[in-house]
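An overview of the molecular structure
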Amino acid sequence: MCDSQTWQFQPGGLSDDQLRDIVARKAQGQPVGEKRPSTLQILNLLAESGLEQVIVVDVTAVSGLEPTLDRALELGYGVVLANKKAFAGPWATAQRYFHHPRIRHESTVGGGQPVIATLRYLLDTNDPIHEIKGQLSGTLGFICQQLDQGVAFSTAVAEAKTRGYTEPDPREDLGGLDVMRKVMILGRMAGWPLETGDITVESLYTPDLANLSVADFMAQVAVLDEVMSQRVAAAQANGQVLRYLAQVREGKGVVGLTAVPAGSALANLKFISFRTGRYDDEPLMICGKGAGVEMTAAGVIGDMLALVREEF
Ligand SMILES: NC(=O)c1ccc[n+]([C@@H]2O[C@H](COP(=O)([O-])OP(=O)(O)OC[C@H]3O[C@@H](n4cnc5c(N)ncnc54)[C@H](OP(=O)(O)O)[C@@H]3O)[C@@H](O)[C@H]2O)c1
């Protein structure tokens, strides 16, 4: 088990007590263990120790782990990812990870909701995907619900940050890039070789706030309150509420604030819907709690068990 700088390794496996100790240490901000080798050196060590049926699990949020994933696959290992970055990079490098028999990535979209498994089943059964739509950010869903209740945008952002719903820099959520990566993963799985230019993303903050420190951004985000409250009021005057929705169809994606009827399923559910050849007039929907550490961990463990069962 590794963190960014350190690790603990035993070829025979870490005991439950050791794993619990690591979790407790990380909760207190301490390292996993001793300073660690690079991830590529770690893979070589694993290969030398003769371990079989190894699964490499990436639950970081870092970019640039492709050489590590490639080496793991080359060694015949399984790969499980909650990290979206490798799947959302340029198509030329990312395409080799899609539909790979030894890669699982359920938690990259929808946390613990079985979104990837459902899409895989639709594709396996030759059901053409016409449109994928959903509310793909728990953080932005929370902020939109606060806006419904008349809370100022800056207060909603501060509250989401205090509750730990946002990334340390809330602009990572507000800019829509995380949602764009999810759309890219779903769209690419569905058969469209999307690049970032194919997806229109509405950022919820203005470019002049992009280069501020996090503290300065939080101090100045209230400049957006007036415009946002006007948009909320305009929607409410039509019996609607604002939701941050994502949609992909015919090789193009749109991510941004959309007015939807208040009280409708679209306004109240954390959902992803698939309109397909078979589910044309009545889309297939997956709803329910998705994000959160436990849900995401369940998705990761489910992927690991699926690989083990296949005896790759
Ligand atoms: N949390 C959720 O609800 C959720 C839902 C779906 C998907 N995800 C995805 O899951 C991933 C992790 O999310 P998180 O919220 O747990 O992030 P996080 O709190 O930032 O934790 C990331 C962990 O990765 C470690 N790390 C960073 N670079 C590493 C490296 N090169 N090698 C090994 N470990 C490294 C960090 O170690 P240090 O402690 O040393 O910094 C940290 O412990 C992200 O890609 C996220 O998008 C999360």
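Here is a short report on the structure shown in this document. (Residues numbered from 1 in each chain as written. Predicted model: local features only at pLDDT ≥ 70, side-chain atom pairs only at ≥ 80, totals over all residues. Heavy atoms only, no water.)

Here's the deal with the overall build of the chain
Helix and strand content of the chain: 14 helices and eleven strands. Expected size for 312 residues packed as a compact globule is a radius of gyration near 20 Å; at 21 Å, the chain falls within 12% of this value. Its C-alpha atoms put the chain at 65 × 50 × 35 Å along the principal axes. For the chain, buried positions account for 42% of its 312 residues. Partitioning the intrachain contacts of the chain with sequence separation of at least 6 by distance along the chain shows that 66% fall at a separation of at least 24. Here the chain displays about 15700 Å² of accessible surface, and carbon together with sulfur accounts for 53% of that area. If the 28 positive side-chain charges of the chain are averaged to one point and the 37 negative ones to another, these points end up 0 Å apart. (Helix = DSSP H or I, 4+ residues; strand = E, 2+ residues; numbered from the N terminus. Rg over C-alpha atoms; globule rule 2.2 N^0.38 Å. Buried < 20%, exposed > 50% of the residue type's maximum accessible area, 1.4 Å probe, protein only. Contact = heavy atoms within 4.5 Å. Areas by Shrake-Rupley, 256 points an atom, 1.4 Å probe, with all protein chains shown as cover. Lys, Arg positive; Asp, Glu negative; His and termini not counted. Charge placed at Lys NZ, Arg CZ, Asp CG, Glu CD.)

A closer look at the packing of aromatic side chains
A full pass over the atoms with the stated rule returns six aromatic pairs. Between tryptophan 91 and phenylalanine 98, the ring centres sit 5.6 Å apart and the planes meet at 55°, which makes this aromatic pair tilted. Through successive ring pairs, a cluster of aromatic residues spans Phe87, Trp91, Tyr97 and Phe98. (Phe/Tyr/Trp six-rings, centres within 6.5 Å; stacked < 30°, edge-to-face > 60°.)

Re the packing of helix H7 (residues 138-148) against helix H8 (residues 153-162)
Direction vectors running N to C along H7 and H8 enclose 140°, while the axes themselves pass 9 Å from each other. By the angle class used here, H7 and H8 are oblique. In the crossing of H7 with H8, the sense of the turn from one axis to the other is right-handed. Side by side, H7 and H8 meet where Phe142, Ile143, Gln146 and Leu147 of the first sit next to Phe153, Ala156, Val157, Glu159 and Ala160 of the second. Grouping the constituent residues of the contact of H7 with H8 by class yields seven nonpolar, one polar and one charged. (Axes fitted to C-alpha atoms, helices over the stretch in contact; angles between N-to-C directions. Parallel < 35°, antiparallel > 145°, perpendicular 65-115°, else oblique. Left-handed = near helix turned anticlockwise from the far one by under 90°. Nonpolar A, V, L, I, M, F, W, Y, C, P; charged D, E, K, R; others polar.)

Focus on the state of the cysteines
Using the criterion set out here, one finds zero disulfides in the structure. Cysteine 287 carries a free sulfur, and the closest cysteine sulfur to it, the one in cysteine 144, is 17 Å from it. Overall, the relative accessible area of 38% leaves cysteine 287 in the partly exposed class. (Disulfide = S-S within 2.5 Å.)

Points about helix H3 (residues 66-74)
Considered for burial, the residues of H3 that qualify are Glu66, Thr68, Leu69, Ala72 and Leu73. The arc that holds the buried residues of H3, viewed along the axis, is 160°, so those residues lie on one side. On the buried face of H3, the contacting elements are helix H2 (39-48), strand S3 (55-58), strand S4 (78-81), helix H4 (85-88) and strand S5 (103-104). Of the residues trailing H3, glycine 76 is marked for its positive phi of about 85°. (Arc of directions from axis to C-beta.)

Quick look at the pairing of strand S10 (residues 271-276)
Here S10 lies mainly inside the structure; five of its six residues are buried. Relative to S10, strand S6 (residues 129-134) runs antiparallel, the two being bridged by five bridges. The residue of S10 that forms the bridge with isoleucine 129 is threonine 276. In the sheet, S10 pairs with strand S11 (residues 284-287) via four bridges, with the strands oriented antiparallel. Following the sheet pairing, phenylalanine 274 is matched in S11 by leucine 284. (Pairing = 2+ DSSP bridges.)

Let's talk about the site of the ligand
Around the ligand, the structure places 16 residues, and the nearest of them are Ser4, Lys26, Thr60, Gly292 and Thr296. A distance of 3.1 Å separates a nitrogen atom of the ligand from a polar atom in the side chain of arginine 36. In this structure, threonine 60 approaches the ligand through a main-chain N or O atom, which is 2.7 Å from an oxygen atom. Look at the ligand: alone it shows 910 Å² of surface, and the protein chains cover 60% of it. Tallied by class, the residues present in the shell around the ligand amount to six nonpolar, six polar and four charged. (Near = heavy atom within 4 Å. Polar contact = N/O pair within 3.5 Å; in protein donor to acceptor, adjacent residues only side chain to side chain.)

So, the sheet that holds strand S9 (residues 252-261)
Pairing within the open sheet is mixed, and its six strands lie in the order S7-S9-S8-S6-S10-S11. Only two strands of the sheet have a single neighbouring strand rather than two, namely strand S7 (199-201) and S11. Taken over all neighbouring pairs, the strand axes of this sheet differ in orientation by 25° on average, direction set aside. Here strand S8 (residues 240-249) pairs with S9 via ten bridges, running antiparallel. Counterpart to tyrosine 244 in the pairing with S9 is leucine 257. Strands S8 and S9 of the sheet are contacted by H7, whose axis makes an angle of about 155° with S8. This element, helix H10 (residues 177-190), spans S6, S7, S8 and S9 of the sheet and lies at about 40° to S8.

The values are spatial; any link to function lies outside them.
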